[in-house]
Structures are given as structure tokens and as C-alpha cells.
Amino acid sequence: KRKKGKKEKGNPEANTQDNVIYINTVVQLPQPRNVFFAVGSSFFERLDCLDNIPHVASPPLTPLLSSFHPIVENFGCLTDESNLLNLIEHMCCFVEKNPVPWTNIDGTPISFNRNDIMKHCNGSINMTTIFTILEAMLDKFAEANNCTTWIYKLHGTSLPHEELKKHFGSSLRFIYLSQDPRLACKSSTRRFSEDVNVFVLAEKWNKLHDSAVETLNQSPDILFELEHDSFIKHEGDEREKLMRFLRDERDLETQLQSSDRVIWRNLTLPDAEKEERIARWRNRDLISDQELKMVEYHCYDSMKKLGYQPLLKKENLHFDESEVIAYYQENEEQKTKRKQECPDEVAKELTQKEIIQKFQTLDGQEVEGNRFIRLLRKIKGEILPIRAVFVWMMVAGFFSGFFGGLIGVRGPPLIMFFFFFEYPKKQVKANGSIIATANTLIRVITYAITKPPETYIANEWFVKSEWSVYVTVLILGLAGSPCGIYLSRYLNRGGYKVALAALLIVNGITMMITAS
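So, how was this worked out
- Residues numbered from 1 in each chain as written.
- Predicted model: local features only at pLDDT ≥ 70, side-chain atom pairs only at ≥ 80, totals over all residues.
- Heavy atoms only, no water.
- Axes fitted to C-alpha atoms, helices over the stretch in contact; angles between N-to-C directions.
- Helix = DSSP H or I, 4+ residues; strand = E, 2+ residues; numbered from the N terminus.
- Parallel < 35°, antiparallel > 145°, perpendicular 65-115°, else oblique.
- Left-handed = near helix turned anticlockwise from the far one by under 90°.
- Contact = heavy atoms within 4.5 Å.
- Buried < 20%, exposed > 50% of the residue type's maximum accessible area, 1.4 Å probe, protein only.
- Pairing = 2+ DSSP bridges.
- Patch = residues over 30% accessible without salt bridge, like charges linked within 9 Å, V, L, I, M, F, W, Y side chains within 5 Å.
- Areas by Shrake-Rupley, 256 points an atom, 1.4 Å probe, with all protein chains shown as cover.
- Salt bridge = Lys/Arg side-chain N within 4 Å of Asp/Glu carboxyl O.
- pLDDT = per-residue confidence, 0-100.
- Polar contact = N/O pair within 3.5 Å; in protein donor to acceptor, adjacent residues only side chain to side chain.

## So, the packing of helix α3 (residues 114-122) against helix α4 (residues 130-144)
- Where α3 meets α4, the axes come as close as 9 Å, and the angle between the chain directions of the two elements is 125 degrees. One element, α3, and the other, α4, form an angle in the oblique class. Both α3 and α4 take part in a crossing whose hand is right-handed. When α3 is examined against α4, the residues Asp-116, Ile-117, His-120 and Cys-121 are found in contact with a partner set consisting of Thr-132, Ile-133, Glu-135, Ala-136, Met-137, Asp-139 and Lys-140.

## What about the pairing of strand β3 (residues 35-40)?
- Here β3 lies mainly inside the structure; 6 of its 6 residues are buried.
- Here β3 shows a buried face lined by Val-35, Phe-37 and Val-39 and a second buried face lined by Phe-36, Ala-38 and Gly-40.
- Alignment of β3 against strand β7 (residues 172-178), held across 6 bridges, turns out to be parallel. Pairing of Phe-36 across the sheet is with Arg-173, part of β7.
- Inspection of the sheet shows β3 paired to strand β6 (residues 149-153) by 3 bridges, in the parallel sense.

## Considering a nonpolar patch on the surface
- Together, Val-391, Trp-392, Val-395, Phe-398, Phe-399, Phe-402, Leu-406, Ile-407 and Met-511 line one region of the surface with nonpolar side chains, adding up to about 870 Å² of accessible area.
- It is helix α17 (residues 388-407) that contributes the most residues to the nonpolar patch, 8 residues altogether.
- In this fold, Val-395 is placed in helix α17.

## Quick look at the sheet that holds β6
- Strand order in this open sheet of 5 strands is β4-β6-β3-β7-β8, and the pairing throughout is parallel. A single partner strand is all that each edge strand has here, and the edge strands are β4 (56-57) and β8 (223-227).
- Relative to β8, β7 runs parallel, the two sharing 5 bridges. Directly across from Ile-175, in β8, lies its bridge partner Phe-224.

## Digging into the confidence of the model for the protein
- In this model, the protein carries a mean pLDDT of 75, and residues with pLDDT of at least 70 account for 72%.
- Across the protein, the secondary-structure element scoring lowest on mean pLDDT is strand β1 (residues 15-17), at 38, and the one scoring highest is α4, at 92.
- Throughout residues 1-28 the model reports pLDDT below 50, and contacts reaching past four residues in sequence, or to other chains, amount to 58 contacts.
- The low-confidence segment residues 251-265 (pLDDT under 50) makes 27 contacts with residues lying over four places distant or belonging to another chain.

## Remarks on α3
- Among all positions of α3, only Arg-114, Asp-116, Ile-117, Met-118 and Cys-121 are buried.
- Regarding α3, its N-cap is Asn-113, as a side-chain oxygen of that residue lies 3.0 Å from the backbone nitrogen of Asn-115 further along.

## Focus: the pattern of salt bridges
- Per the stated rule, a full pass over the model turns up 8 salt bridges.
- The residue Arg-33 makes a salt bridge to Asp-139 at a minimum N-O spacing of 2.9 Å. On the criterion of sequence distance, the pair formed by Arg-33 in the loop between β2 (20-23) and β3 and Asp-139 in helix α4 is long-range, its members being 106 residues apart. Taken as a pair, Arg-33 and Asp-139 share a single burial class, namely buried.
- In this structure, the salt-bridge partner of Arg-114 is Glu-96, at a minimum N-O distance of 2.7 Å.

## With respect to the side chain of Thr-62
- With respect to the secondary-structure elements, Thr-62 resides in the loop between β4 and α1 (64-68).
- Residue Thr-62 is classed as buried on the basis of its relative accessible area, which comes to 0%.
- At a separation of 3.2 Å, a polar atom in the side chain of Thr-62 contacts the side chain of Asn-98.

## Observations concerning the environment of Asp-116
- With respect to the helices, strands and loops of the structure, Asp-116 is situated in helix α3.
- The class of Asp-116 is buried, set by a relative accessible area of 8%.
- Spatially, the C-alpha atoms of Asp-116 and Lys-140 are 9.3 Å apart, while their sequence positions differ by 24 residues.

Following this line, the structure appears as C-alpha cells:
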């Protein structure tokens, strides 16, 4: 163990000062390994099992990502080392000022070596982003606690799951914490938090769970669901399932069965347990009529999806604009009052907020007024420095256009690119839609301003005798797009690659048949 004020034997670079531990070693955690992000309802305090797993480090709840992710572009392009080091400095300071400190295995607060975080970023095979810095800091924390991986508890209502997938790839795992919004909103009003009013809290709960359910539907193979009531009632079983997930020991086929899904279990509860759950909300000692209406006004649809039975009818859930304004004003008044009652908590939060305050504006102007500048910086960050993936992107684009003009088939080069380089499904579909739209517009303009060549089978581009072909293609195209989008929700990363490979094979077969 390290002794206070002395260097550790065998490691001349590790030392302590003023009871703070400094770790200056380059992170070498076992690879490959999974990393975990916990997201959902606010019953983290019940999940002490997240903090007591031998091989998994779990830092205290810290709004690091939710604070820096919205303003990261204001630090400038991260390919510039000075900008990168500036962001690293602010993120490290933010964590070091957290009200609950990040500690090493001996309980000593950790201070991060900025140069080592920079080395980690420069050595990353991915483009440097805020997630690269977050990963380096969490790896350092895991190393300081003799752990091989970590769980980061996401804070706030936004879940950047597509960006997380892009950065962490196949090692990414989510732990989704589900809780009845009536309970979640009431328990939040009893704690020191940013918002107090039930109306505002219910709106935030709904946004958070909409995002979490989207992740649940898109990536069931990388997500573990933990439902509050089930955890309280069957704590031993739920803890064991969580441990198996963290140790990557669960049977994937079993996990994908609908009977093991929390939503399914909520919807198929025995009648007695359903009545037991709903009965507590009929007791107005727990929640008032107005508070119940506030929660179900925002969360009605999400509650139905998650298997929580609403008490009120949807047509009765309505608030006038004046009422909504009054609730937000009341929320601000309650926040001010609570801050006056808890000066120590306010002081801790202000210390962190001061760190990011000057970057919440850009050149003295509000961030929202500089979207064009932020867009240019983002484009520059995507292109520079030139990376292998960018070169292959240009090659695939060139051959796609070339073959599209030569034989009318532009898909195979793009399919091969996305087969070898992993991107979120939404980005693949968005790029495909943009390319198809541009291709269609060019064709329509060409048909409108030019006449067919002499070698063409007719004097006009469109022949009346072929109307049945045109109608068939139109109907099948319009019907196929929504069907494909719907089915893609149920494909994981492996399934998506199989679908791309199958499409490539079908393209080849149809081209050969056409040629013959």
C-alpha cells in the first residue's frame, strides 16, 4: 500500500501529496473487455451491487458527460493538441471537484495526470472525441481500483447511444434501470436535485425512457434490464442475473427470449401482483390527484410500453398553457428555496459549474447563435487528419458513382464499405437515403432536359406499353422502404452485416441473370 507523502516502491512515478493519489502510468487494461453504461431511473442508491464487484469499477454519480457533451464543440477542433489538452484539463478538474470524490482502492481521492490522458487519446485508433477522454479517465479509475473494466452511470435526460456505439463498438454494454414514473418523480422531489416540481420531473423521465427504450429495441443483445419493483421483491435473483451480465456469462439466446425481458414480465404479471402494484397509487397519501395527473400526462404512452398501468384515462389528461407556465415558475421557486436550505450542496455544485461556465458561450455570444461555426468545426474534425477510413470512404464513393453511371448499379461498393467499417444503423440508413435521393434527382433532371439516344428502344424515355412495370416498381418501392426500416429495428450488428452480405449476393445474382 502507498504511504502518505512517500513514493511507492517499485514505481518512482507514483506518489502522494496532501492525501491525494497521483497515478502516472499508461493504462494497460486487458483487451478485449466490455464497458458498461447505466442509464434510466434514479434508484442508483439502491444498487450498491454496482459498487461491490471485484473486477468492475463504479465511480460515484458524476454529470461529466451530460455537462461537457453539449458544449464540447466550443473547445474547438480536438485535432489541435492545445484544444484537446484544454478539454482534458477541464474534464479532469470537473471530476476532481465532484462532491463525492473518485477514490483509489485505499479510499484516497484520485488526481488525474493530464499528459497520460493525452497519450491515451493520441494512441487511440478512433478519432479523438469526448468519449476518448471519458474512456481514458474511467480506465485510470479502474486501474487505481485493481479492476479490469468499469460502469459509468449516465446522468441527465439525453442518451448519446449512437455515438457511444460508434466509439466503443462491440465492447459497449448498457444497464437499463426501469422504474414506475410515479415512484421515480415522487422520490426525486425528496432529494437535492436540479428540478423539484413533479410536472417538470415527469417530462424529463419521459424523455429519458423514450431514449432508453429505443436502445432497448435496437440493441437487446448489449442491454440488461433491471426493473425497480422486481429488484426489491426478488433482489437475490436480480443481483445474480446482473452479475452474470457484468461477467459476460449470460446465454445470449436465453437473454433474447421475450420471457426474460422486463417489459414482458411487467405485461404478464399475475393478476394479484398487478393489483398489488396499482393499489398503492390509489392511496393518495403517496401521490396527490394533481401529481398523478402530471405524471401520467407526460408518461402515459411510455408507461403502457413498459407495462406500468396508468390510473387515469388519456382523454382526461390535459393542461392549459397557463398551468404549464405556472408549474415551471413554481419549479424555479422551489429550486431557489431548496438551495437556500442546502448551502453546502449548492457550494459543491457551483464549484463544478464554474469550470464549464465560460465554455457555455462562444466568443461572448450564446452557443445557439453559432451553429454554422460549430458545423464547420465539426466537418473539419471529421476530415482532418486524413485517416484510412476516410480514404476507403472516398474510394467506395468513387466506384459507386462510376458503376452507377456505367451500368446503373451503385450499391455494391457502398455495401462492402459498411460491411468492413462499423457505423450505427441510423447513419448507414441516412447515408443510403441521401445517396438515393441525389441519384433520383439527377435522373429526373436528365430525363427532363435530354432526349434518348438513337440506340434507345423508343423515341421517349418512358414507353406507354411498359406502364405495368412502372406501377409495379413504384408500389413495391413505396411498400418496401417502411417494411425494411421496421425490420431493421430487430437486427443487431451481426444480423445487419448478414443482411448486407445477403443484399450483395442478391445484387450479383440479378446482374448475372440480367446480363444473360
